[in-house]
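Here is what each chain is made of, one letter per residue.
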Amino acid sequence: MRIFVTGGNGFIGSVVVRHLIERGHDVVCLLRPGAATERIAGLTFATTPGDVRDASSVRAGMRGCDATLHLAAPGGWNADDPAMLDAVIVSGTRHVLEAARERRNHRVVFVSSSAAIDASETPCVFDERSPFTIADRALAYSHAKHRAEGEALAAHASGVDVVIVNPAEVYGPEDTALGTAANLIDFATSWPVLVCAGGTSVVHVEDVANGIVAALERGRAGERYILGGENMTVRGLAELVLTLRGRRAPIISIPRSVARSAAAMGRARHMPLPFNPHVVPYATRYWFVDNAKAQRELGVKFRDARATIAPTLEWLERAGHLPARTS
């Protein structure tokens with residue numbers, strides 16, 4: 001097929017583009033002027049200029065394509081401006097779906113997030129049927145992805161062939177923007193290591209890319225598929241990083257209320273803190289998920305946390321973000 005891809009130069013998108021090409025598909029990437037393309041350099045694909053916020057460029061890029069993989073979204077923990085998230089994630093998704101509606105039998109895979117599933121104050125595992133109960137407006141990314149899923153489901157109800165996938169917290173080599181990898185750097189270098197009560201599902205970028213392509217090929221229209229790996233507490237993830245690095249460091253738990261108050265003050269007053277304040281609203285909650293549906297219906301396998309984090313740390317060392325291990 002000829003596949004239109006938004007966000008194809010990103011951390012996840014670049015791996016998806018490679019997988020598509022390896023499967024024999026032709027790929028057309030929507031790229032903004034001046035977009036960094038190092039991750040997809042050397043791959044053979046077509047480009048079309050534009051931005052998901054511009055409906056006309058989305059429509060032009062989709063012309064002649066058989067399906068669309070929509071991954072475009074702001075990256076990094078600091079990209080939490082609600083207006084920008086709404087423009088890119090919600091309006092951008094609407095533009096993709098509207099363009100797809102004009103084409104016959106055009107499948108769209110919308111790459112959402114496990115952050116649009118749900119979160120809890122105590123450990124609780126969610127699946128695709130879980131209702132979205134997040135009220136905290138500090139979780140702007142979660143709300144934006146949830147609203148975009150509403151656009152996708154409404155489009156499906158009107159006849160658009162759309163599948164939703166929900167990647168969890170994605171790790172792997174070539175996270176050059178240090179999105180999730182920054183968490184590992186903190187754990188690997190801080191003294192002491194600060195953690196809080198919370199947790200996440202850790203998933204390798206290659207497994208996510210496999211899941212996205214599998215959703216294109218085998219996903220059921222109107223359905224969600226969680227692409228998550230092993231569920232880990234924040235403390236458990238810190239302990240794993242220290243073990244893999246062969247490093248001894250004290251781990252100190254910060255009370256949730258203290259972490260949230262300090263983060264809110266740091267964001268409001270632009271105060272320096274020993275942690276990224278934008279991470280705290282997410283890190284102080286549990287985002288545990290069940291990947292059984294993706295395994296059963298898409299045939300995707302997910303590696304465990306150790307097999308996910310170890311190669312990421314190795315890449316961080318090769319890239320100079322971590323000192324070389326002496327032992």
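Residues numbered from 1 in each chain as written. Predicted model: local features only at pLDDT ≥ 70, side-chain atom pairs only at ≥ 80, totals over all residues. Heavy atoms only, no water.

Asks: Can you lay out the overall build of the protein chain for me, pointing to particular residues and giving the numbers?
Replies: The helix and strand inventory of the protein chain stands at 11 helices and 14 strands. With 327 residues in all, the protein chain has 54% of them scored as buried. Considering only contacts within the protein chain whose residues lie at least 6 apart along the sequence, 77% involve residues at least 24 apart. Of the accessible surface of the protein chain, which amounts to about 14,000 Å², a share of 52% is contributed by carbon and sulfur atoms. Considering the protein chain, the positive charge centre built from 36 side chains and the negative charge centre built from 34 side chains are found 1 Å apart. (Helix = DSSP H or I, 4+ residues; strand = E, 2+ residues; numbered from the N terminus. Buried < 20%, exposed > 50% of the residue type's maximum accessible area, 1.4 Å probe, protein only. Contact = heavy atoms within 4.5 Å. Areas by Shrake-Rupley, 256 points an atom, 1.4 Å probe, with all protein chains shown as cover. Lys, Arg positive; Asp, Glu negative; His and termini not counted. Charge placed at Lys NZ, Arg CZ, Asp CG, Glu CD.)

Asks: Before we move on, could you go through the pairing of strand E7 (residues 161-167) and cite the residues and values that matter?
Replies: Taken across its seven residues, E7 has six buried, putting it largely inside the fold. Pairing between strand E5 (residues 107-111) and E7: five bridges, direction parallel. By the bridge assignment for E7, Val109 is matched with Val163. (Pairing = 2+ DSSP bridges.)

Asks: Requested: an account of the sheet that holds E5, with residues and values cited.
Replies: Across the sheet, which stays open at both edges, the seven strands sit in the order E3-E2-E1-E4-E5-E7-E11 with parallel pairing between neighbours. Looking at the sheet topology across the chains shown, the edges are occupied by strand E3 (46-49) and strand E11 (224-227). Pairwise comparison of adjacent strand axes, ignoring direction, gives a mean angle of 20 degrees for this sheet. With four bridges connecting them, E7 and E11 associate as parallel partners. Within E11, the position partnered with Asn166 by the bridge is Ile226. Contacts between helix H4 (residues 140-157) and the sheet are confined to E5, E7 and E11, with E7 contributing the most and set at about 155 degrees to the helix. (Axes fitted to C-alpha atoms, helices over the stretch in contact; angles between N-to-C directions.)

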